[in-house]
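Each chain, written out:
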Amino acid sequence: MKKSLIYFCLLISIFAFGQAPQGKPGNTKFSDSAKKAPIDLYKIISIENDTTHLDTTLTIEKDYKFNYLRKDNFALLPFSNTGQTYNALSLEKDYDQTFSGFGARARHYNFLEAEDINYYFVPTPLTELYFKTVPEQGQQLDAFFTVNTSENLNMFIGYKGLRALGKYQHILTSTGNLRLGFSYQSDNDRYRIKAHFVAQDLLNEENGGLTTQSLQQYLDREEEFSDRSVLDVNYENAENVLYGKRFFAEQSVNINNPADSTNNFLFGHRINYSWKKYVFKQDAAVNSLYGNSFESSDLRDVSKYANLENEVSLSFKNKYAGKIEALAGITNYDYGYNSVVIKENDTVGNRLRGSVMHLGGGYSAQFGGFNLEAKGKLNLSEEFPGNFLDVSAGYDFDEQNRIRFGFSQNSTRPNFNFLLYQSDYLNYNWQNDFDNVSSQRLYAQFDSKKIAGISANLAQIQNYTYFAQDDSLNVRPFQSGNAVRFYKIKAERGFDFGRFGMHHTIMYQDVVEGFDVLNLPKLVTRNSIYYKDYWFDKALYLQTGFTLNYFSKYQMNAYDPVLAEFYVQNDQELGGYPVVDYFFNAKVDQARIFFKLQHLNALLKQNNNLVAPNYPYTDFLIRFGLVWNFFF
C-alpha cells in the first residue's frame, strides 16, 4: 500500500510533466455575472485601510495558505490534530503593543483579533466557501458572504468551524469563529464607519502527551503501535477552552470638504470592547504531573478578562507635506478570578482592575519614491506603564523593487498569565510584580520580484519573561535578569521556467545572548518544485509537485495544557527531520481544488518525530479540500 501511493505520486507527476503546453498560467474565464464587474473591483480593506482586491488565481502561495489558519504558517510547527496549537519556530513580537495581553497564548493562533478582520467593497454579492478534511473523523469549513446593498454600504458575515477527532486518544478539537460587520461612507465621503462583532470558542481535549512507555514505543517505531490510538497517554479527562467576544467600531469625519485635496482635517473615534474567558477542566487531578491540588476531582480553573478601549484622534493631511496625527484614549480593564487564594506563606489576590490613559501620534509622507513613517504611543499609568516608537523610511525604485528600513522600541508589562494566575493545582498559583519587558529592534526589508524578498531583524529584549520548570519541576513564570539578543534573516523567491516553477523560503536566526531562556532553530526552510499547465482545452489549470519542509535541531519548547502556554526546556534536543508533501492542485472556473499527500516520506520510514516533548508529529495523511468563490 505504501509503495503504491509513492508510485502513484511519481506517475501522476511524470504524466503531468509530459503534457503539451496549453498556454500561459492565469485566470480562467469568469462567469457571466463576474464579467460585468472586473475582479479588481472586489476590494478587501484592512483595519489600517490598506486595500487589495480579491485574487482567484491558483499559485503556490495559495497552497501555503490552504490550512486551518487560512494564512502562510511558515515557522509554525502544527501539532498532530487540526485545531491544536503550534510550536513557534521563530519569535514574533508585536512592537506596537503597550498594554498587557490575555494569557493562554497557545490557544490564540486561531483567535481573531481586531486587526484580523477585513472590510469589503463588492460590485456584486460575493460568497467564499472553504473546506478541508481533517485527521480521522470531522471536517473544517469556512463560509463567508458579503454584499453591497448600495455603493455606500457593505455588510458581511462569516463562520469558521472545525471538529476533528485526531489519531491519538483524547485530542478532539472543536472550534467556532463567527464574524459579522459592515462599512459605510456618506455620499460626499465626509463620514465613514466600519464595525464588526465576533464570537469565538476554541476547545481542545488535552491528554498531557504520551506516557514514558508509549513515548519509547513511538520513538522505537514498534510496528504494533502504528495504530496511534493504542498508544497510552498521560490522562483522558481534561480540556481547555478559550472563549471570546468583541465589538469594534471605528468612525471618522472630514472636517472640511474631502474634494479639497490639498488640505484635509479628519476627526476619528475608535471603540473596542473585548471579553475573553479561559477555562481548564479536569475530572480527576493528576498529582504525579502537576503536584498537589485543592480538589481531587472536578477541577475547574476560570480566568476572565474584559477590556474597553476608547480613542479619539485628529489628523491633518497636506498633499505636499504629508499626514500628521495626534490621538488620546483610555482603556478600562478587569482581569481575574472569583476568589482569593491563601497559601501557607503567600496570598494570591483575585483581580487586576483599573484604567490607563494613553497619548500617541504619527507622521507619514511621500516624496517621489521616498516615503517616511513614524508612530508612537505612551501610557500615562504607574500600574501599567508602556510605550512604543517606530520610525521607518523606504524608497520605491519602481513597481517591482522597493526597500525599507527602520527602528522599533517597545516597553510593556508581561501578559496577565505572568502577573496573576489561580488554579486548583497548588503550584499554579502566583502573583508577580514583574518589570516592563523592553525591546529594541533594527529592521530592513528589500522586495524585488526579480531578485528576492529579503528581511533582516536585529533585536534585544530586557526583562524577558518566560515559563520554565523550577527546581521542583513545577512550571512557573520567570523574568530574565540578563538581556536577550538575537537576529533573523529571511529570504523568499519564486522561479518560473515556463511549465515548471520553484519557490524557496529560507530563514536563518541565532540567539547571541540569552540562549538559556530563548530557544530557536538556526535554520528553517521550505522548498517547492512543481509543474503547472492548462489541461482540457484550458478548462482546468493545475499545479502539481513536492514541498520539502525542514528545521534544524534545537531545544524545543514544551507544552503545558493547564496554562495553555509553552515553556522553556533545555534537556531535549528535537527536530532536524525533513517532511515531504506531494500536492496536486487545480482551478476550474472560480473553484480551487487542493489534494495533498502530507508527510509522504513517513511511508518509507515510520514517523517517530516530535513537535514538543512527549507530543508526536503528524503521520502520513491524505488531505483534500477546496476554496470556491461565487459571484452573483
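Provided above is the structure to which this section pertains.
Residue positions are given per chain, counted from 1 along the sequence in the order it is written. For this predicted model, a pLDDT threshold of at least 70 governs which residues receive local features, and a threshold of 80 or more governs which side-chain atom pairs are given and counted, while totals over whole chains, interfaces and linings are taken from all residues. Only heavy atoms go into the side-chain values, all of them from the structure, while hydrogens and water stay out.

Colleague: Would you mind going over the overall build of the protein with me for this structure?
Modeller: Helix and strand assignments come from DSSP, with helices taken as H or I runs of at least 4 residues and strands as E runs of at least 2, each series counted from the N terminus. A count of helices and strands for the protein gives six helices and 37 strands. Relative to the 2.2 N^0.38 estimate, which gives 26 Å for 632 residues, the radius of gyration of the protein is 26 Å and therefore close to what a compact globule would have. Along the first, second and third principal axes, the C-alpha atoms of the protein reach 70 × 65 × 45 Å. Buried residues are those whose accessible area, probed at 1.4 Å on protein chains only, stays under 20% of the maximum for their type, while exposed residues exceed 50% and partly exposed ones sit between those limits. Put simply, the protein has 632 residues, and 52% of those count as buried. Surface accessibility of the protein: about 29200 Å² in total, with carbon and sulfur atoms responsible for 55%. When charges are counted, neither His nor the chain ends are considered; positive counts come from Lys and Arg and negative counts from Asp and Glu. Lysine's charge is taken at NZ, arginine's at CZ, aspartate's at CG and glutamate's at CD. Both charge centroids of the protein, one from 62 positive and one from 70 negative side chains, sit 7 Å from each other. It is over C-alpha atoms that the radius of gyration is taken, and the globule rule equals 2.2 Å times the number of residues to the power 0.38. Only the protein chains shown count as cover for residues, and all accessible areas are computed by the Shrake-Rupley method using a 1.4 Å probe.

Colleague: In this structure, what is going on with the pattern of salt bridges? I would like to understand it.
Modeller: As a working rule, side chains carrying opposite charge can pair if their charged atoms are close by. Whenever a carboxyl oxygen of Asp or Glu lies within 4 Å of a side-chain nitrogen of Lys or Arg, that contact is scored as a salt bridge. Considering all chains together, one arrives at 25 salt bridges under this definition. Linked through salt bridges whose partners overlap, the residues forming this network are Arg70, Glu128, Asp142 and Arg179.

Colleague: Sorry, what's going on with the environment of Glu311 here?
Modeller: Structurally, the position occupied by Glu311 is in strand β13 (residues 297-318). When its relative accessible area of 13% is taken as the criterion, Glu311 is described as buried. Remark: the alpha-carbon pair of Glu311 and Gly268, spanning 43 residues in sequence, is separated by 8.2 Å. Pairs of residues are marked as contacts when any of their non-hydrogen atoms sit within 4.5 Å. Once residues lying within four places of it in the same chain are set aside, the contact partners of Glu311 are Gly268, His269, Arg270, Leu327, Ala328, Gly329, His358 and Lys377.

Colleague: Please explain the environment of Tyr530 as it appears in this structure.
Modeller: Locating Tyr530 in the fold gives a position in strand β29 (residues 523-535). Given a relative accessible area of 7%, Tyr530 falls into the buried group. As for Tyr530 and Ile60, which are separated by 470 residues in sequence, their C-alpha atoms are 8.7 Å apart.

Colleague: Hey, could you run me through the side chain of Asn152 in this one?
Modeller: Among the structural elements, Asn152 can be located in the loop between β7 (138-148) and β8 (153-164). A distance of 2.7 Å separates the side chain of Asn152 from the backbone oxygen of Gln185, its partner in a polar contact. When sequence neighbours within four positions are dropped, the list of residues in contact with Asn152 reads Ser183, Tyr184, Gln185, Ser186 and Asp187. For this analysis, a polar contact is any N or O atom pair within 3.5 Å, provided that within protein one partner can donate a hydrogen and the other can accept it, and provided that sequence-adjacent residues contribute only side-chain to side-chain pairs.

Colleague: Explain a nonpolar patch on the surface to me, please; I cannot follow it from the model alone.
Modeller: Patch definition: residues with relative accessible area over 30% and no salt bridge; like charges joined within 9 Å; nonpolar side chains (Val, Leu, Ile, Met, Phe, Trp, Tyr) joined within 5 Å. A contiguous nonpolar patch, built from Val253, Ile255, Phe265, Phe267, Val312 and Leu314 and spanning about 500 Å² of accessible area, is present on the exposed surface. Among the elements of the structure, β12 (263-284) and β13 are those that each provide at least two residues to the nonpolar patch. Inspection of the secondary structure puts Phe265 in strand β12. Residue Phe265 is classed as partly exposed on the basis of its relative accessible area, which comes to 38%.

Colleague: Quick question: what am I supposed to make of a negative patch on the surface here?
Modeller: Taken together, the side chains of Glu48, Asp50, Asp94, Glu115 and Asp116 present a region of like negative charge at the surface. Counting through the fold element by element, Glu48 comes out in the loop between β1 (43-45) and β2 (51-53).

Colleague: Quick question: what am I supposed to make of the pairing of strand β10 (residues 191-206) here?
Modeller: Each regular strand carries side chains that alternate between the two faces of the sheet. Most of β10 is tucked away: 12 of the 16 residues are buried. At least two DSSP bridges between two strands are needed for those strands to be called paired. Counting the residues that bridge the hairpin from strand β9 (residues 173-185) to β10 gives five residues, and of these Asp189 lies at a positive phi of roughly 65°. Alignment of β10 against strand β11 (residues 238-254), held across 16 bridges, turns out to be antiparallel. Opposite Arg192, over in β11, you have Ser252 as the bridge partner.

Colleague: I tried to follow the nonpolar core on my own but got confused; where do I start?
Modeller: A general feature of soluble globular proteins is that nonpolar side chains tend to end up buried together. For the purposes of this section, nonpolar cores are sets of buried Ala, Val, Leu, Ile, Met, Phe, Trp, Tyr and Cys residues that join through side-chain atoms within 4.5 Å. Of all hydrophobic cores here, the largest spans 68 residues; its most connected members are Phe416, Tyr425 and Tyr428. Ala459, Ala468, Val511 and Val568 belong to the second-largest nonpolar core, a separate cluster that totals 14 residues.

Colleague: How do you make sense of the packing of aromatic side chains when you look at a structure like this?
Modeller: Aromatic rings from Phe, Tyr and Trp, taking only the six-membered ring of Trp, are treated as a pair when their centres fall within 6.5 Å; an angle between ring planes under 30 degrees marks them as stacked, one over 60 as edge-to-face, and anything in between as tilted. According to the stated counting rule, one finds 50 aromatic pairs in the structure shown. Between Tyr42 and Phe631, the ring centres sit 4.9 Å apart and the planes meet at 75°, which makes this aromatic pair edge-to-face. Here the residue Tyr42 occupies a position in the loop between α2 (32-35) and β1, and Phe631 occupies one in strand β37 (residues 621-631), the gap between them amounting to 589 residues. Its relative accessible area of 1% is what places Tyr42 among the buried residues.

Colleague: Can you help me understand the environment of Thr262 in this one?
Modeller: Within the fold, Thr262 resides in the loop between β11 and β12. Along the chain, Thr262 and Met507 lie 245 residues apart, while their C-alpha atoms are 44 Å from each other. Sequence-distant contacts of Thr262, that is, excluding residues within four places in its chain, are made with Lys317, Asn318, Lys319 and Tyr320.

Colleague: Any chance you could explain helix α4 (residues 212-219) here in plain terms?
Modeller: In an α-helix, one turn spans 3.6 residues, which is why side chains three or four residues apart end up on the same side. Residues Ser214, Leu215, Gln217 and Tyr218 constitute the buried set of α4. Looking straight down α4, one finds its buried side chains confined to an arc of 160°; they lie on one side. Structural note: α4 exposes Thr212 and Gln213 on the side pointing more than 90 degrees away from its buried face. Looking at the buried side of α4, the elements it contacts are β35 (610-612) and β36 (615-616). The first or second residue beyond α4 is Arg221, which carries a positive phi of 55°. The directions considered for the arc run from the helix axis to the C-beta atoms.

Colleague: For this particular structure, what's the right way to read the sheet that holds β2?
Modeller: Strands belonging to one sheet form pairs held by backbone hydrogen bonds; the direction of such a pair is parallel or antiparallel. Here we have three strands laid out as an open sheet, ordered β2-β1-β5, and antiparallel in their pairing. For this open sheet the edge positions go to β2 and β5 (119-121), each flanked by a neighbour on one side alone. This sheet shows a mean twist of 30° between the axes of neighbouring strands, independent of strand direction. Strand direction decides the pairing type here: β1 and β2, joined by three bridges, are antiparallel. The residue of β2 that forms the bridge with Ile45 is Thr51. Note on geometry: axes are lines fitted to C-alpha atoms, helical ones only across the stretch in contact, with angles between N-to-C directions running from 0 to 180 degrees.

Colleague: Where do I start with the side chain of Thr173 in this structure?
Modeller: Structurally, the position occupied by Thr173 is in strand β9. Since its relative accessible area comes to 0%, Thr173 is described here as buried. Ignoring sequence-local partners within four residues, the contact set of Thr173 consists of Asn81, Thr82, Gly83, Gln84, Leu162, Arg163, Ala164, Leu203 and Asn204.

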